[in-house]
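Letter by letter, the chains look like this.
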Amino acid sequence: MSDSAQQDKDQSAEQGDEQSAEQKRARRWAAARGAERTLWRAGFHSTVGERLARLTETASQVYDLDQPVDMYGDQIVETVEERVAGLLGKDAAAFFPSGTMAQQVALRCWAGRTGSVTVAMHPLSHPELHERHAFSTVSGLRIVHPTHEPRLPSADEIRDLGEPFGSLLLELPLREAGFVLPTWEELSEAVEAARERDAVVHFDGARLWECTAHFGRPLDEIAGLADSVYVSFYKSLDGIGGAALAGPKTLIGEAKAWRHRYGGQVLQQFPTALSALIGLEKELPRLPEYVAHARVVAAALREGFAASGVPWVRVHPKEPHTHQFQLWLPYEADDLTDAGTLQADETKTSLFPLPWSRGGPGLAYTEVTVAGSGLEWTAEDVRAAVADFVARLPGSAA
């Protein structure tokens, strides 16, 4: 076979693999959408029409729709900013199209004020893993890691970091480590250690909203530990998108200037702002209930897999710190993903709507979220769904 013919054959095979992967994604989406029972209904499993209907049905409950539309950040956008600043106990807040932009701007502003472009953060932090090195590539910041342990850095690790840094970024909770949080005492001591190093503290609070139950503190007290805080409107509040940066008035004024330079001065953002207000009004008050029930679900998952004869299972953290946690099983990721899709498709019960990720040879994990629809599940419901799921795995005796 000629080289060109072999290349054509290889390309055809690759296209076939890509099509198969796309078909699998489409099937997962359809199965999750069609499920009548699920622990969590993700916004990205909706259609455009469904999202629009949900927005218009609730919008008048949170905002006067006879007000003029926003223009470059006024009107409803300012309403969201004022609401967030009040909730977090900060002087001011700025609305951003994305958290990636909000945090780049925040750390860039702090770099100018501290005179240091070095930012200390965990290597599993979102900016390090999921933003294509935007901090260094776009904003000229330099990242150092105070720890590589799968948890937030301790006060001693911050004090002992072998080089100076101007800012410390703490992701609360640390998603990639299992949505884990420190204790209140550990967090307070870590912040104090950064102050001893003459550094400012910034909270990556994309999921800060659900941390109150674990810390036993209100939002403004938690946010009060940091010099600035970023929060997301879509991760826990089910918004369309959007984020906010909160902090001192002078910082937020500078951040709005950089927001414009970064392309975030959008003409109109009222749909996103409306969905943010809806999330703050409807979802935020329910998050403590979600966290409490996530602990019931986590225990039932352990019990269900043990009763089904699975040789090893790990819920991490053992008692979830928020309403999200990791589940680890000794199977290949593709087999677990396929079993979840098949279960949702055939039984209309979706226990694991997200794809599983490889954690090692014959080991995989997925993220479990317990939200509104999950409150309907009893522990027995979870155990029964687990038994049905296990029966669909390779090697099952069922």
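Residues numbered from 1 in each chain as written. Predicted model: local features only at pLDDT ≥ 70, side-chain atom pairs only at ≥ 80, totals over all residues. Heavy atoms only, no water.

Per an unreviewed UniProt entry, the protein chain carries the name Threonine aldolase family protein and comes from Streptomyces xiangluensis. Quoted straight from UniProt, the Cofactor (unreviewed entry) entry for the protein chain says "pyridoxal 5'-phosphate". The protein chain has a UniProt comment under Sequence similarities (unreviewed entry) that states "Belongs to the threonine aldolase family." (UniProt positions renumbered as here; feature names shortened; annotations may be inferred.)

1. Examining helix 3 (residues 76-88)
Between its terminal C-alpha atoms helix 3 stretches 19 Å, which fits the 18 Å expected from 13 residues at 1.5 Å a residue. Every buried residue of helix 3 is listed here: Ile76, Val77, Val80, Glu81, Val84, Ala85 and Leu88. Lining the buried residues of helix 3 we find strand 2 (92-96), helix 10 (219-223), strand 7 (228-232), strand 8 (243-247), helix 11 (249-261) and helix 12 (270-283). (Helix = DSSP H or I, 4+ residues; strand = E, 2+ residues; numbered from the N terminus. Expected span 1.5 Å × (residues − 1). Buried < 20%, exposed > 50% of the residue type's maximum accessible area, 1.4 Å probe, protein only. Contact = heavy atoms within 4.5 Å.)

2. Digging into the nonpolar core
In this structure, Val84, Leu88, Leu187, Phe203, Leu208, Trp209 and Phe233 are the most contacted members of the largest nonpolar core, which totals 63 residues. Residues contacting Trp209, with those up to four places away along its chain left out, are Leu87, Leu88, Leu219, Val231, Ser232, Phe233, Leu237, Leu280, Leu284 and Leu287. In this structure, Ala294, Leu329, Ala364 and Val370 belong to the second largest nonpolar core, which totals 30 residues. (Core = buried A, V, L, I, M, F, W, Y, C linked by side-chain atoms within 4.5 Å.)

3. Remarks on the sheet that holds strand 4 (residues 142-144)
Within the open sheet, the 7 strands sit side by side as 2-8-7-6-5-3-4. Their pairing is mixed. The sheet terminates laterally at strand 2 and strand 4, the two strands that pair on one side only. Averaged over all pairs of adjacent strands, the angle between strand axes in this sheet comes to 25°, irrespective of strand direction. For strand 3 (residues 118-120) and strand 5 (residues 167-171), the ladder comprises 2 bridges, and the chain directions are parallel. Paired with Ala120 across the bridge in strand 5 is Leu168. Each of strand 5 and strand 6 (200-205) is contacted by helix 8 (residues 184-196), which is oriented at about 140° to strand 6, the strand it contacts most. (Pairing = 2+ DSSP bridges. Axes fitted to C-alpha atoms, helices over the stretch in contact; angles between N-to-C directions.)

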